[in-house]
Amino acid sequence: QVQLVESGGGLVQAGDSLRLSCAASGRTFSNYGMGWFRQAPGKEREFVAAITWSGGSTYYADSVKGRFTISRDNAKNTVYLQMNSLKPEDTAVYYCAVRFRGSYTDTDLNNYYYWGQGTQVTVSS
């Protein structure tokens, strides 16, 4: 079992920044790749970013590339999502998840098994 707890969401204005955190407990965190996904009201959950177990490789959705940065601190069992230049279309509930299969460049959410409860990010125009 892996427990994930996201934090850091909030209400911000367009152009602002936020840093989301995802704290993991349970299985050895450093053995697994991690990902961030988001779900806006009325829309399907979509891939945002992924990172390998070592943190050496990352991958982003085109919609966030150049604005968001995923990172991890295995000593703290935590993965982060730094979000800069936020836009109203970034408004969503953001989830972190543990990847159990597939490549870090594979955006299929079915490759991810454990999920956090999500944290709301709202960007006003």
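A brief structural summary.

Procedures and definitions
Residues numbered from 1 in each chain as written. Predicted model: local features only at pLDDT ≥ 70, side-chain atom pairs only at ≥ 80, totals over all residues. Heavy atoms only, no water. Helix = DSSP H or I, 4+ residues; strand = E, 2+ residues; numbered from the N terminus. Rg over C-alpha atoms; globule rule 2.2 N^0.38 Å. Buried < 20%, exposed > 50% of the residue type's maximum accessible area, 1.4 Å probe, protein only. Contact = heavy atoms within 4.5 Å. Areas by Shrake-Rupley, 256 points an atom, 1.4 Å probe, with all protein chains shown as cover. Lys, Arg positive; Asp, Glu negative; His and termini not counted. Charge placed at Lys NZ, Arg CZ, Asp CG, Glu CD. Polar contact = N/O pair within 3.5 Å; in protein donor to acceptor, adjacent residues only side chain to side chain. Disulfide = S-S within 2.5 Å. Pairing = 2+ DSSP bridges. Salt bridge = Lys/Arg side-chain N within 4 Å of Asp/Glu carboxyl O. Phe/Tyr/Trp six-rings, centres within 6.5 Å; stacked < 30°, edge-to-face > 60°.

This next bit is on the overall build of the protein chain. Counting secondary structure elements, the protein chain contains zero helices and 11 strands. Each helix (α) and strand (β) of the protein chain, taken in turn from the N terminus, gives the series β-β-β-β-β-β-β-β-β-β-β. Relative to the compact-globule value of 14 Å for 125 residues, the protein chain shows a C-alpha radius of gyration of 13 Å, a close match. Its C-alpha atoms give the protein chain principal-axis dimensions of about 40 × 25 × 25 Å. In the protein chain, buried positions account for 42% of the 125 residues. Considering only residue pairs separated by 6 or more positions, the protein chain has 57% of its internal contacts joining residues 24 or more positions apart. As displayed, the protein chain offers around 6,200 Å² of accessible surface, 44% of which is attributable to carbon and sulfur atoms. Averaging the coordinates of the 12 positive side-chain charges in the protein chain and doing the same for the 10 negative ones gives two points 5 Å apart.

Inspection of the secondary structure assignment puts Thr-119 in strand β11 (residues 119-124). A polar side-chain atom of Thr-119 sits 3.1 Å from the main-chain amide nitrogen of Gly-9. Filtering out sequence-adjacent residues up to four positions away, Thr-119 remains in contact with Glu-6, Ser-7, Gly-8, Gly-9, Leu-20, Ala-92, Val-93 and Tyr-94.

Let us now look at the state of the cysteines. Taken as a whole and judged by the stated rule, the model has one disulfide. Here Cys-22 engages in a disulfide with Cys-96; their sulfurs sit 2.0 Å apart. Disulfide Cys-22-Cys-96: the torsion about the S-S bond is 60 degrees, which places it as right-handed. Of this pair, Cys-22 sits in strand β3 (residues 18-26) while Cys-96 sits in strand β9 (residues 92-99); the two residues are 74 residues apart in sequence, bridging distant segments of the chain. When sorted by exposure, Cys-22 lands in the same class as Cys-96, which is buried.

Another aspect to go through is the pairing of β3. Summarising the sheet, strand β1 (residues 2-7) and β3 pair through six bridges and their orientation is antiparallel. Bridge pairing in β3 links Leu-4 to Ala-24.

It is worth spelling out the pattern of salt bridges at this point. In total, this model carries four salt bridges according to the counting rule given. Close ionic contact of Glu-46 with Arg-38 constitutes a salt bridge, the shortest N to O distance being 2.6 Å. In this structure Glu-46 comes out as partly exposed when scored by relative accessible area, which is 36%. The closest approach of N and O atoms between Asp-90 and Arg-67, which form a salt bridge, is 2.7 Å. In this pair, Asp-90 is assigned in the loop between β8 (78-83) and β9 and Arg-67 in the loop between β6 (58-60) and β7 (68-73), connecting sequence segments 23 residues apart. In this structure, Asp-90 and Arg-67 share a single accessibility class: buried. The network of salt bridges with common partners includes Arg-38, Glu-46, Arg-67 and Asp-90.

Attention shifts here to the packing of aromatic side chains. The full count for this structure, using the stated rule, is nine aromatic pairs. Centroid distance Tyr-32 to Phe-100: 4.8 Å. Interplanar angle 40 degrees. Geometry classified as tilted. Pair noted here: Tyr-32 is in the loop between β3 and β4 (33-39) and Phe-100 is in the loop between β9 and β10 (112-115), with a separation of 68 residues, a long-range link. With centroids separated by 4.8 Å and ring planes inclined at 75 degrees, the aromatic side chains of Tyr-113 and Tyr-114 adopt a geometry described as edge-to-face. On the accessibility criterion, Tyr-113 (58% relative accessible area) is exposed.

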